[in-house]
Amino acid sequence: MRKIPTQPFLWTYFNVRNPSTKKMQMKRILLLITSMLMFVITMGQDFTTQGDGKTYSLAILSQTTGSGVTNDENVFTIRGTVTIAVADSFKMDEGVTVIFTNNASLVLQGTADLHCKSARTRLTIANDNSMSDGISIQNETIVTEVSNIDFEYVGLRNYSPMGLNVTNCTFNKHVGGVSSALFLGTDGAKFHISGCQFCDCQKAAIGGAANFFCNVLIEDCTFSHNSLANGNIPQINLSAAPDITIRNCIVDGDSTLNMVGGIAIANWYGSSGNHATIENCTITNNRYGITTMGVMDVIIKNNNIVNNKFESNPNNGGSGISLYDPYMMQTAMITGNRIERSLWGITIIGCGEVNIGKTQVELSAEDYNPGKNVFLDNGNNGILYDLYNNSANTVYAQGNIWNVAMQDSVSIENVIFHKNDLASLGEVIFMPAGETEKVATPMVSHKKSQSFIYDLHGLKHEQSATLPKGIYIINGKKTIIK
């Protein structure tokens, strides 16, 4: 029996008696070694700076042995994970292109200046098969400034307790593994995001973990066709915090996506002291416009909320504004909004005090609200629903213009679902209405006389349905079915 050779792989190649064959094998070996070296260089390896107080840039890193960063006429390529150590700092190069190979990233544990003053910098991936988390901020000493950077396919993640100021940046076609193109964290961090554009991202444009309570100001930003994976993630997906403000923004969806909402703010922990303001925004063409979930104080004013109806099943959503709180502690002040072409205009599920207009109190009263909301063509299955009070609370909704020809009590009753339709629900006090004007002709002159039950995931069930064990919101009250 022939003995199987036990020599190492390379030795087997060299152990050849025929010189010509040996020469040929030598060439093959050299080619193989070269290919292996090229493969290793392409993959890159992790690199961390020495932590001796030095300031780095991509240009400096490209001249640093073993960094995995190369430079070809101001096109920098990052291979592997490049980490700026805690004691070091980083200054972003301006007017350059930065390419991340597959799984490459730039981790900034030290302080960083990502403020490009003189020229925009573009971050992208090597090819269609590459995926990169982009830049991760981890320093614990300062608020990081980020401006005039175009993030393409890659994202920006924050794990610093200090937060970020992000100005005049674009986030396009993000495909990274985290939940959003701009990921907010850690708990308690503060963010100011202004003048930015978010477009065609696979997941949310802005978001964070459910247990990260981050103060956020988002203003003068445009969001277009995000959350393309259609995975029940809205374009702006925030956890409640002491202070969240979204103003002067455009949030435009994609009518082919039936799971993607516009703006969602959620508090799944029942903690108090959270405030959210959404004002002067245009929110269009989403599954729903705005939804707030859990304990918080909400102000929604002067928004244009139009055509947010792309939920395939009206029982599961499609509201212009949806207020949901099983703890019965959410308060809301809703003023001066135009709510048009939703499956439901405003829906109230649970919650505490909801004020959609309260005009018969002193102007100086804390609960005075002029209303001035305008409802137009909100409904589904041929029935108008401007306001659906699926709670046991009394809701004031005075001073508004409803989707009826005459702004009188008999007509308005046709577009509001409340106590008069189901005795266990709370009453909506809607008179006096706003200034008389013809807004639209009602689709029909009758309504459903059926209420719905909601589980804690916000899914709606018909009242006649057989329900499994669990906790539900029935007519605004928490009910346990055993």
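Residues numbered from 1 in each chain as written. Predicted model: local features only at pLDDT ≥ 70, side-chain atom pairs only at ≥ 80, totals over all residues. Heavy atoms only, no water.

Caption draft 1: The arrangement of unusual backbone geometry in detail. Between G185 and the following residue, T186, the backbone shows a cis peptide bond with an omega angle of 5 degrees. Following M431, the chain continues into P432 via a peptide bond in cis, with omega recorded as 5 degrees. Residue placement: P432 occurs in the loop between strand 43 (428-429) and strand 44 (452-455). Within the chain, N168 stands out as a residue other than glycine whose phi angle is a positive 55 degrees. With respect to the helices and strands, the residue N168 is situated in the loop between strand 15 (163-167) and strand 16 (170-172). (Helix = DSSP H or I, 4+ residues; strand = E, 2+ residues; numbered from the N terminus.)

Caption draft 2: Expanded view of the pattern of salt bridges. Within this structure, the stated rule accounts for ten salt bridges. Between K301 and E279 there is a salt bridge; the shortest N-O distance is 3.6 Å. Remark: E279 occurs in strand 27 (residues 275-279) and K301 occurs in strand 30 (residues 297-301); sequence separation between them is 22 residues. For K301, a relative accessible area of 31% corresponds to the partly exposed category. Between R341 and E340 there is a salt bridge; the shortest N-O distance is 2.6 Å. Here E340 falls in the buried class, since its relative accessible area comes to 11%. (Salt bridge = Lys/Arg side-chain N within 4 Å of Asp/Glu carboxyl O. Buried < 20%, exposed > 50% of the residue type's maximum accessible area, 1.4 Å probe, protein only.)

Caption draft 3: Representation of the confidence of the model for the protein chain in the model. Of all residues in the protein chain, 81% have pLDDT values of 70 or greater, and the mean over the chain is 87. Confidence drops under pLDDT 50 across residues 1-17; counting only partners more than four residues distant or on other chains, this segment forms eleven contacts. Every residue in residues 33-43 scores below 50 in pLDDT, and together they form five contacts with partners more than four places removed in sequence or on other chains. (pLDDT = per-residue confidence, 0-100. Contact = heavy atoms within 4.5 Å.)

Caption draft 4: Up close: the pairing of strand 36 (residues 354-357). The sheet contact formed by strand 33 (residues 331-335) and strand 36 spans two bridges and is parallel. If you follow M333 over to strand 36, its bridge partner there is N355. Direction of pairing for strand 36 relative to strand 41 (residues 395-397): parallel, over a ladder of two bridges. The partner of G357 across the bridge, within strand 41, is A397. (Pairing = 2+ DSSP bridges.)

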